[in-house]
Amino acid sequence: MQLLFFLCLYFLGTALFMGSSQALTSMMHIDLKSLNSTATPVDSNLSWGLLLLNGLSQVLTFLLPALAFIYLLPDRPRFFLSFKPVKGSRAASMFIVAIGMLALILGLSALLQSFSWGTEADTMQEQRKAMEAALLRMDTVGDIIIRVIFIALIPAFCEEIFFRGIVQRFFNSFLKRPVFSIIATGLFFAMYHASIYNFLPITLAGIVLGFIYHRTGNIWYAILLHFLNNGIQVLQAFWVSRNPHLEEEQLPIYVIIGLLVAGAVIVFFTLRRIFAGTHGFAKTWSMPYQSSYQNNISG
């Protein structure tokens, strides 16, 4: 019954977004069909429109349904989602994990893009790159700050509450094993981002975020890592835009292997240090039919 109600709220939020997006694109005279390739000229109006659409999508399809659902449960949102004080040492460690994740994502993306996955996958990837190029059109420091807010801060908060705070918990209610629920949520998280070439890197990122939330018992750490991961990629995109030759270069296989190995080592040992002495959520952690004080034994 809880899952059905949550799905109803999600579809309601999606319907609100679809209506709002049509009104916004009409008001700003935005033609999304024109974004077929990276060769499509991008003006500031289109870039601003896409940023606003991205923000609307996050709030209406993720944050609003999640909060509406949580407010109808026995626990207050702060306890249900496990918003707790953040320790400085763990917060600093998240930056190191983000650096390792960036290396893994770059390595995996380069490796997957060295293979052909079919015409449809190539078309989807070209459209995704065109969308990203429009979203990441940056000329000034102000542009960078705005992109960090719309592409890093807002998605980190909205998506973590939705995917880790609720979806992962639903999966654990059915699968009864935290590791399975974390992997399932990571796969679902990647499916939402709709990219065949980036499916594995995004799945891996989702799994890492899921383990961080489950083992620390504090959603702030997952939000922080998500924000850092997206924020660093915004800065990377700005740097590449100032050095276009970097985007055209194909990474040698030894560089790809080096990125994968270095990223895996950094993420593994940093997470091992973060998780030392923590217990996180109980294995029976699920949707609360009772107070989460009895479900949560976070360390």
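Below is a short write-up of the structure. (Residues numbered from 1 in each chain as written. Predicted model: local features only at pLDDT ≥ 70, side-chain atom pairs only at ≥ 80, totals over all residues. Heavy atoms only, no water.)

1. Here we look at the packing of helix α4 (residues 88-113) against helix α11 (residues 253-275)
Part 1 of the argument: Packing of α4 against α11 leaves a shortest axis separation of 8 Å and a crossing angle of 150 degrees. With respect to each other, α4 and α11 are oriented roughly antiparallel. Every pair of crossing elements has a handedness; the one defined by α4 and α11 is left-handed.
Part 2 of the argument: Split into classes, the residues belonging to the contact of α4 with α11 amount to 19 nonpolar, five polar and two charged. (Axes fitted to C-alpha atoms, helices over the stretch in contact; angles between N-to-C directions. Helix = DSSP H or I, 4+ residues; strand = E, 2+ residues; numbered from the N terminus. Parallel < 35°, antiparallel > 145°, perpendicular 65-115°, else oblique. Left-handed = near helix turned anticlockwise from the far one by under 90°. Nonpolar A, V, L, I, M, F, W, Y, C, P; charged D, E, K, R; others polar.)

2. A short note on unusual backbone geometry
Part 1 of the argument: Residues other than glycine seldom take positive phi values, yet S82 does so here, at roughly 65 degrees.
Part 2 of the argument: Mapping S82 onto the fold places it in the loop between α3 (77-81) and α4.
Part 3 of the argument: By relative accessible area, S82 is classed as buried at 2%.
Part 4 of the argument: Unusually for a residue other than glycine, K176 sits at a positive phi of about 65 degrees.
Part 5 of the argument: Looking at the element boundaries, K176 is found in the loop between α6 (141-175) and α7 (178-193). (Buried < 20%, exposed > 50% of the residue type's maximum accessible area, 1.4 Å probe, protein only.)

3. Comments concerning the side chain of E159
Part 1 of the argument: Structurally, the position occupied by E159 is in helix α6.
Part 2 of the argument: Of the side chains bearing the opposite charge, R164 lies closest to the buried E159, which forms no salt bridge; the N-O distance is 5.7 Å.
Part 3 of the argument: Not counting residues up to four positions away in its chain, the partners in contact with E159 are Q58, F62, R164, F189, Y192, H193 and H226. (Lys, Arg positive; Asp, Glu negative; His and termini not counted. Salt bridge = Lys/Arg side-chain N within 4 Å of Asp/Glu carboxyl O. Contact = heavy atoms within 4.5 Å.)

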